[in-house]
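Structural overview for review
In case you want the letters, here they are:
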Amino acid sequence: MKKSLREKADQIIRESLGAVMPDRAVEKALENFQGCGGRTVLVAAGKAAWQMAAAAVRVLGQVDDGIVITKYDHVKGEIPGVECREAGHPVPDENSFFATEKALEKVSGLTEKDTVLFLLSGGGSALFEKPLIPGEELQDITRQLLACGADIVEMNTIRKRLSGVKGGRFALACMPARVNAIVLSDILGDPLDMIASGPAYPDTSTCQQADAIIEKYHLNLSKKAQALMQEETPKELANVTTQITGSVRELCEAAGKAASALGYEPVLLTDELCCEAREAGSMLASILRTHAKDGKRLCYIAGGETVVHLTGKGKGGRNQELALAAAPGIAGIPNACVFSVGSDGTDGPTDAAGGYVDGDTLDRLKEKNLDVFTVLSNNDAYTALGAAGGLIITGPTGTNVNDVAVAMLG
C-alpha cells in the first residue's frame, strides 16, 4: 500500500531515532573497562541517563552503588543496584537539588582504588545541580536565559559558575577516586566542558565571557550571583578519563539512510544548525520552492539546535516553531513537507517531540481561523499544529543528540 507523506516522515523519525539510542555506544565504551580494584559507583545524569545506566549495568553485571537522575517520566523500570530519581527540566527544581545531593553522598569518602562511572547526557545542566545561590534565584536565571534566546553554550557558561557540581566541580568531589566518564553529546562540536555544563571536565570558559553574556542579555543577577561570576572554575582535573559517544551527525546520517530506502535522494545541508527556529523553517521552505519543479524526489536534512526568542505566552518548542514557520513557504506545493524533531522526544515544555507541516497545512489552519504569523508571535505553535494534525509525539526516547529537521519533496 502506498504510504502517505506523513507516514514516510514518521518512518524516517522512527528509524533515525532508533539508530542513535545509547545502548550500543555505552556497551562499546565499556568493552575495556577496568576498575582500580575497589568499589564501582555509577552516577548517570541527563535525559538519556536511564538508558545509559541500564546498558552499563548489563555490560558490567553489577555495580556497588549507583544513582540515575533524569527527567520526569523518563525512568522505564528498576536497574539492579541503582537508585532512580526524576527531576525538573529545563528549569531545575527541588528534586534536582535533592537527587544531586544523593549523588554527592554516594561518591564521598571514596579512595584512590574506587571508580566513579559517570554517564552524562544532555539535560544534565538542569537535572544535576547543587546551587550556590538560592534555588529560586537559579530557576529565575535559567528562565531568563531561556526567554532571551541564549544558546546552550552561553547558558552553560553562566550556570556552571552558580553550581557546586558543574564546570569540573563534581570530579573534584569524587577525588581521590578515578572518574570514568562516558558522554552522549547534545552540543554542536562536542565541547566536553559544555555538555551538561561539564561536571567532570576542565572548564574552558572564562569570567570575562560570563560577564559579556550577562551584558548581552541584560540578565538580572543578585550581588551573590554577580560575585560567583568572578570565581574561576577548575582548569585541570587529574582524576578523569572521558569518552564521547553519539552525535547529531549520526542522527542526520540515519535520517538520510531512511529517506534513501523510501526512494528519496538525501542531501545533508548541515549538522551544525544554530539559528533562529523560524529562520530555519523559512529557509527549508525556500529550498523546497526552488526545486519544486525539478521532478525529483529530494530530502534535505539539517541537524543541530535552533533557538527561540519568547515574544508571547503560548505553548511550543523550537522544533514546533521551525516546522510551523515553514508552512507559508510550502503552501500549495504538492508532495512537500517539513518536519523537525528533538531526539530526546520532548520539545520545550510540551509532550510533543516536534512538528510536521505540508502543502495543505496553511489551508487547514485557515479553516480553524488560525493565522500562522499571529501564532508564531505568541509562541503558540503547539496549539496550531495540534489543530492541523501536525504534532509529532514519540514519548521519551532514551537518547539525546540534538534535533533533526527534514524537508521532503516529490
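A brief structural summary. Predicted, not measured: the structure shown is a model, and the values here were computed from it.

About the cut-offs
- Residues numbered from 1 in each chain as written.
- Predicted model: local features only at pLDDT ≥ 70, side-chain atom pairs only at ≥ 80, totals over all residues.
- Heavy atoms only, no water.
- Axes fitted to C-alpha atoms, helices over the stretch in contact; angles between N-to-C directions.
- Helix = DSSP H or I, 4+ residues; strand = E, 2+ residues; numbered from the N terminus.
- Parallel < 35°, antiparallel > 145°, perpendicular 65-115°, else oblique.
- Left-handed = near helix turned anticlockwise from the far one by under 90°.
- Contact = heavy atoms within 4.5 Å.
- Phe/Tyr/Trp six-rings, centres within 6.5 Å; stacked < 30°, edge-to-face > 60°.
- Buried < 20%, exposed > 50% of the residue type's maximum accessible area, 1.4 Å probe, protein only.
- Lys NZ or Arg CZ within 6 Å of the ring centre and 35° of its normal.
- Expected span 1.5 Å × (residues − 1).
- Nonpolar A, V, L, I, M, F, W, Y, C, P; charged D, E, K, R; others polar.
- Pairing = 2+ DSSP bridges.
- 1 Å grid on protein atoms, 1.4 Å probe; cavity = no way out; pocket = protein on both sides within 12 Å on 5 of 7 lines; lining within 4 Å.
- Points joined across faces, edges and corners; volume = space filled by probe spheres on them.

1. Quick word on the packing of helix H2 (residues 22-29) against helix H3 (residues 49-60)
It is at 9 Å that the axes of H2 and H3 come closest, and there the two elements cross at 45 degrees. Viewed along their axes, H2 and H3 adopt a mutual orientation that is oblique. Once H2 is placed against H3, the crossing between them reads as right-handed. Taking contact as the criterion, the partners of Pro22, Asp23, Val26 and Glu27 in H2 are, on H3, Gln51, Met52, Ala55, Ala56, Arg58 and Val59.

2. A look at the packing of aromatic side chains
This model, assessed by the stated rule, comprises 3 aromatic pairs. Centre to centre, the rings of Phe118 and Phe170 are 4.8 Å apart; their planes meet at 40 degrees, and the pair counts as tilted. Taken together, the residues span a long stretch of sequence, with Phe118 in strand E4 (residues 115-121) and Phe170 in helix H8 (residues 169-174) at a distance of 52 residues. Seen in terms of ring centroids, Phe128 and Phe170 are 5.1 Å apart; in terms of plane orientation they differ by 85 degrees. Their pairing is edge-to-face. Within this pair, whereas Phe128 is found in the loop between helix H5 (124-127) and helix H6 (135-148), its partner Phe170 is found in helix H8, the two being separated by 42 residues in sequence. Residue class for Phe128 comes out buried when judged on its relative accessible area of 0%. Through a chain of ring-to-ring contacts, three or more aromatic side chains come together here, namely Phe118, Phe128 and Phe170. A cation over an aromatic ring shows up here: Arg6 above the ring of Tyr356, its NZ or CZ 4.9 Å from the ring centre. For Arg297, the ring lying beneath its charged end belongs to Tyr264, and the centroid distance is 4.4 Å.

3. Considerations on helix H4 (residues 94-107)
Counted at 1.5 Å a residue, the expected span for H4 with its 14 residues is 20 Å, and the 20 Å between its end C-alpha atoms agrees. The complete set of buried residues in H4 reads Ser96, Phe97, Ala99, Thr100, Ala103, Leu104, Lys106 and Val107. One or two steps after H4, the chain reaches Gly109, where phi turns positive at roughly 75 degrees.

4. As for the packing of helix H7 (residues 152-159) against helix H9 (residues 207-217)
Between H7 and H9, whose axes approach to 9 Å, the crossing angle comes to 115 degrees. Crossing angle aside, the handedness with which H7 passes H9 is left-handed. On H9, the residues touching Glu154, Thr157 and Ile158 of H7 are Gln209, Ala210, Ile213, Ile214, Lys216 and Tyr217. By residue class, the composition of the contact of H7 with H9 is 5 nonpolar, 2 polar and 2 charged.

5. Quick word on unusual backbone geometry
The general pattern is negative phi for most residues beyond glycine and trans for most peptide bonds. Looking along the chain, the bond that leaves His89 and enters Pro90 is cis, with omega of 10 degrees. Topologically, Pro90 is positioned in the loop between strand E3 (83-87) and H4. Notably, Asp73 is not glycine yet its phi reads approximately 70 degrees, a positive angle. Tracing the sequence through the fold places Asp73 in the loop between strand E2 (65-71) and E3. Within the chain, Asn379 stands out as a residue other than glycine whose phi angle is a positive 50 degrees. Among the structural elements, Asn379 can be located in the loop between helix H15 (372-377) and helix H16 (381-387).

6. Observations concerning the sheet that holds strand E11 (residues 391-392)
Ordered in space as E7-E8-E12-E9-E10-E11, the 6 strands form an open sheet in which the pairing is mixed. Because the sheet does not close on itself, it has two edges, and the strands there are strand E7 (265-273) and E11. Of the strand pairs in this sheet, strand E9 (residues 336-342) and strand E10 (residues 354-358) are connected by 5 bridges, and their pairing is antiparallel. Within E10, the position partnered with Ser340 by the bridge is Gly355. Along the sheet, helix H1 (residues 5-19) makes contact with E9, E10, E11 and strand E12 (403-409), crossing E9 at roughly 30 degrees. Packing of helix H12 (residues 277-290) onto the sheet brings it into contact with E7, strand E8 (298-304), E9 and E12, and relative to E12 it is tilted by some 25 degrees.

7. Examining the layout of surface pockets
Estimated volume of the largest pocket: approximately 890 Å³. Sorting the residues of the lining of the largest pocket by element identifies H5, H6, H7 and helix H13 (318-330) as the ones contributing at least two each. Looking at the lining of the largest pocket residue by residue, the classes come out as 14 nonpolar, 18 polar and 13 charged. Taken as a whole, the second largest pocket holds about 200 Å³ of empty space. What lines the second largest pocket is a set of 15 residues, and nearest its centre among them are Asp151, Ile152, Leu188, Cys274 and Glu305. Considering every element that reaches the lining of the second largest pocket, the biggest residue donor is H7, with 3 residues.

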